[in-house]
Amino acid sequence: MSPVAPRPALARRLRALRETHWPDAGITQLQLAEALGGTKPLSISLISSWENTERPVRPPVRRLEAYATLFATRRSENGGTLRVLPLEELTDEERAARDELLDELLWLRDGRERAATEPADDAWRFPENEDITIVCALLPLELRQHLSYADPESADFTSLYTYADPDALIELFGYIRSVNPRNQVAFHTTEELTPDDYTTHLVLLGGVDWNTVTRDVIERVELPVHQVARNAEAPTSEPGGFRVEREGGSELIPPQLDSKGHLLEDVAHFYRGVSPFNRKRTVTVCNGMYGRGTLGAVRALTDIRFRDRNRMHLQQRFGDAESFSIISRVPVVAGKGLTPDWTLPENRLHEWPETA
């Protein structure tokens, strides 16, 4: 499918939103650039290119989402200050107005059929025709040697039983396939990777104790987060955690277990950055101290109830940063890990880069 040409009608609509949606506000391109960029303001020339009807430039979907959120409520403008409100602060009426405006902008951007059939832009969408490889650890031999389904010599052998974090793998593989229909998406254990696999977009599931590729990547990137492996024989006294570097020292963020070793709260780490094996590709790490933390890191951006607000938080907090990291709580209730809501400050235990 050939790319859709930028549409002058969208450029006219974006300019009209700025100039006439709230005519008394007198919103300038500078104000809009600062509001849409959040912690990393956009350039005035970029806003101007989106409003240029003669030579229009197609804004990314995430920018149109920010436009729709901003102009959905007059509360975005206060005494000459313009900002994009977090989605959770919108009322039901404002959210409906945002959805209606976003539908219109997407239609003007891509056309009715394309906007209606393609999923919204999100963290798990990659450029077309670029391969994606999900990497899991191989379940240690001592944990699979008594499973007939994990024994290649057994007639009942099923390869997925040899994978660590299969619930996170199933959740993520299906989702990535659905939003990347023109990409090759594969999954392998660390032992199955070929040299070519390392240079694709890498998605790493699980931590440094079993996933050797996660270990290699974390050692090669500049990230103030290091995983401290738990002691399997003494989990309540040595639960491990994520050690984060802060000004003046470091802090260990551990999971929470009761006196009997039952998991009460896991910690999840989500990292996205430039791949150390191919600077034109990305690496993403979804990791927890336990499996429920790894699944929580995945579901933060796949769970239909939370993914939009969490994605909006990432955009507002990190903007277009090439690399970022977030550690969050994953409450465990009745043995089930709950999807973390990154818009709640108490759920975010560490974010990097830190705000200025």
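Residues numbered from 1 in each chain as written. Predicted model: local features only at pLDDT ≥ 70, side-chain atom pairs only at ≥ 80, totals over all residues. Heavy atoms only, no water.

**A closer look at the pairing of strand S6 (residues 225-228)**
No. 1: Alternating positions in S6 separate cleanly, Val225 and Gln227 being buried on one face and His226 and Val228 remaining unburied on the opposite face.
No. 2: As paired elements, S6 and strand S7 (residues 241-246) share four bridges and run antiparallel to each other. Across the sheet, residue histidine 226 finds its bridge partner in S7, namely arginine 243. (Buried < 20%, exposed > 50% of the residue type's maximum accessible area, 1.4 Å probe, protein only. Helix = DSSP H or I, 4+ residues; strand = E, 2+ residues; numbered from the N terminus. Pairing = 2+ DSSP bridges.)

**Considerations on helix H1 (residues 8-20)**
No. 1: With 13 residues, H1 ought to run about 18 Å at 1.5 Å a step, and its terminal C-alpha atoms sit 18 Å apart, in line with that.
No. 2: Every buried residue of H1 is accounted for by Leu10, Ala11, Leu14, Leu17 and Arg18. In a view along the axis of H1, the buried residues occupy a sector of 125°, so they form one face of it.
No. 3: Check the buried side of H1 and you find it contacts helix H2 (29-37), helix H3 (44-51), helix H4 (61-70) and helix H5 (92-110). (Expected span 1.5 Å × (residues − 1). Arc of directions from axis to C-beta. Contact = heavy atoms within 4.5 Å.)

**Considering the state of the cysteines**
No. 1: Tallying each qualifying case throughout the model produces zero disulfides.
No. 2: Of all cysteine sulfurs, the one in cysteine 286 lies closest to cysteine 136, which takes part in no disulfide; the gap is 10 Å.
No. 3: We classify cysteine 136 as buried; its relative accessible area is 0%. (Disulfide = S-S within 2.5 Å.)

**Details of the packing of aromatic side chains**
No. 1: Per the counting criterion, the structure on display carries 11 aromatic pairs.
No. 2: Ring geometry for tyrosine 67 against phenylalanine 71: centres 6.3 Å apart, planes inclined by 20°, an arrangement best described as stacked.
No. 3: Since its relative accessible area comes to 0%, tyrosine 67 is described here as buried.
No. 4: Under the relative-accessibility criterion, phenylalanine 71 is labelled buried at 4%.
No. 5: For the ring pair phenylalanine 173 and phenylalanine 187, a centre distance of 5.0 Å and an interplane angle of 80° mean the geometry is edge-to-face. Here phenylalanine 187 lies in strand S4 (residues 185-189) and phenylalanine 173 lies in helix H8 (residues 166-179), a separation of 14 residues in the sequence.
No. 6: Since its relative accessible area comes to 29%, phenylalanine 187 is described here as partly exposed.
No. 7: Taken together, the ring pairs connect Trp124, Phe270, Phe318, Phe324 and Trp342 into an aromatic cluster.
No. 8: Taking NZ or CZ as reference, arginine 272 lies 5.7 Å from the ring centre of tryptophan 124, over its face. (Phe/Tyr/Trp six-rings, centres within 6.5 Å; stacked < 30°, edge-to-face > 60°. Lys NZ or Arg CZ within 6 Å of the ring centre and 35° of its normal.)

**Some points on the sheet that holds strand S8 (residues 249-253)**
No. 1: Overall, antiparallel pairing links the three strands, which are arranged S6-S7-S8 in an open sheet. The open sheet has two edge strands, S6 and S8, and neither has a second partner. The sheet shows a mean angle of 25° between the axes of neighbouring strands, taken without regard to direction. (Axes fitted to C-alpha atoms, helices over the stretch in contact; angles between N-to-C directions.)

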